[in-house]
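As a plain string of letters, each chain reads:
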Amino acid sequence: MFSLLPHQVDGVRAIVRLHGRALLADEMGLGKTVTALAVSQHYSGCLVVVCPGYLASNWHAEVMRWLPESSCQVVKSRRDQSRQADVTIASYDVAVHLEWLEARVLIVDESHYLKDHRSKRFQALRPLLHRTPRVLLLSGSPIPSRPVELYSTFYALRPQLVGRYDDYARRFCARKRLRFGGFDDRGASRQTEPSQLLSRIMLRRTKED
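Residues numbered from 1 in each chain as written. Predicted model: local features only at pLDDT ≥ 70, side-chain atom pairs only at ≥ 80, totals over all residues. Heavy atoms only, no water.

Colleague: Could you give me a rundown of the pattern of salt bridges, with the residues and numbers involved?
Modeller: According to the stated counting rule, one finds five salt bridges in the structure shown. D26 is the partner of R205 in a salt bridge, and the nearest nitrogen-oxygen pair spans 2.8 Å. Of the two residues, R205 is situated in the segment after β9 (202–203) and D26 in the loop between β1 (21–24) and α2 (32–43); the sequence distance between them amounts to 179 residues. Residue R205 is classed as buried on the basis of its relative accessible area of 15%. Among the residues examined, D26 registers a relative accessible area of 0% and is labelled buried. Between R121 and D93 there is a salt bridge, with its nearest N and O atoms 3.4 Å apart. In this pair, R121 sits in helix α5 (residues 120–131) while D93 sits in helix α4 (residues 92–95), placing the two residues 28 residues apart along the sequence. Under the relative-accessibility criterion, R121 is labelled partly exposed at 27%. (Salt bridge = Lys/Arg side-chain N within 4 Å of Asp/Glu carboxyl O. Helix = DSSP H or I, 4+ residues; strand = E, 2+ residues; numbered from the N terminus. Buried < 20%, exposed > 50% of the residue type's maximum accessible area, 1.4 Å probe, protein only.)

What follows is the structure, given as structure tokens:
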């Protein structure tokens, strides 16, 4: 049974207006977990939570608190071929090996773990991110120091906002060709535009607010 605070109710409504594909970046302590679970219940169907391994037991406890009638499993091994429960929780390191995962709603906690769009972790999870109708990325630190680290967020939620990576890098990352081949995309250009784009898919509230 959900008992949400007013700002959490507003958060659910805002995410629904974003069609359930959003970055929830409230400050720590404002209830990102319960807000995300409430969103998942709005859409119903199977829920998958991907999180750092040290948070899996926390997520299990929160699911049992807020969704006590749901079946919930924490998948602890890549060899686990369990049938999917109402709620399936897996660490990043395990989830990348679980091709059987299917979800109506996908929650990705501490989503900065996916900031490198070229990483094996992001590439392995990309099909799940794209085939799941509703995706919530959760992060208390939503804006990295380099625009290149934002591309994976856009690509996971709304790839049409930024297009191909090469175009994004030329536009926002001050791309430079290296002397012996390849590119350096660690810079920044048009520095306000990535944040403006991010505001179209991100919900962030502070404790002061």
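After that view, the rundown keeps rolling.
Colleague: Outline empty space enclosed by the protein, supporting the account with residue identities and numerical values.
Modeller: Tallied over the entire structure, the rule returns one cavity of 30 Å³ or more. Taken as a whole, the largest cavity spans an internal volume of roughly 40 Å³. Broken down by element, the lining of the largest cavity gets its largest block of residues, three residues, from helix α6 (residues 151–157). A breakdown of the residues in the lining of the largest cavity according to their chemical character gives three nonpolar, three polar and one charged. (1 Å grid on protein atoms, 1.4 Å probe; cavity = no way out; pocket = protein on both sides within 12 Å on 5 of 7 lines; lining within 4 Å. Points joined across faces, edges and corners; volume = space filled by probe spheres on them. Nonpolar A, V, L, I, M, F, W, Y, C, P; charged D, E, K, R; others polar.)

Colleague: Give a detailed account of helix α3 (residues 56–66), specifying residues and quantitative values.
Modeller: Inspection of α3 places A56, W59, V63 and W66 among the buried residues, and these make up the whole buried set. The arc that holds the buried residues of α3, viewed along the axis, is 105 degrees, so those residues lie on one side. For α3, the exposed residues lying more than 90 degrees away from the buried face are S57 and R65. Structurally, α3 contributes buried residues whose contacts are with α2, β2 (47–51), β3 (72–75), β4 (87–91), β5 (105–108) and β6 (134–138). (Arc of directions from axis to C-beta. Contact = heavy atoms within 4.5 Å.)

Colleague: Before we move on, can you summarise α5 with the specific residues and values?
Modeller: Listing the buried residues of α5 in full gives F122, L125, L128 and L129. Projection of α5 onto a plane perpendicular to its axis shows the buried side chains occupying an angular sector of 120 degrees, all on one side.

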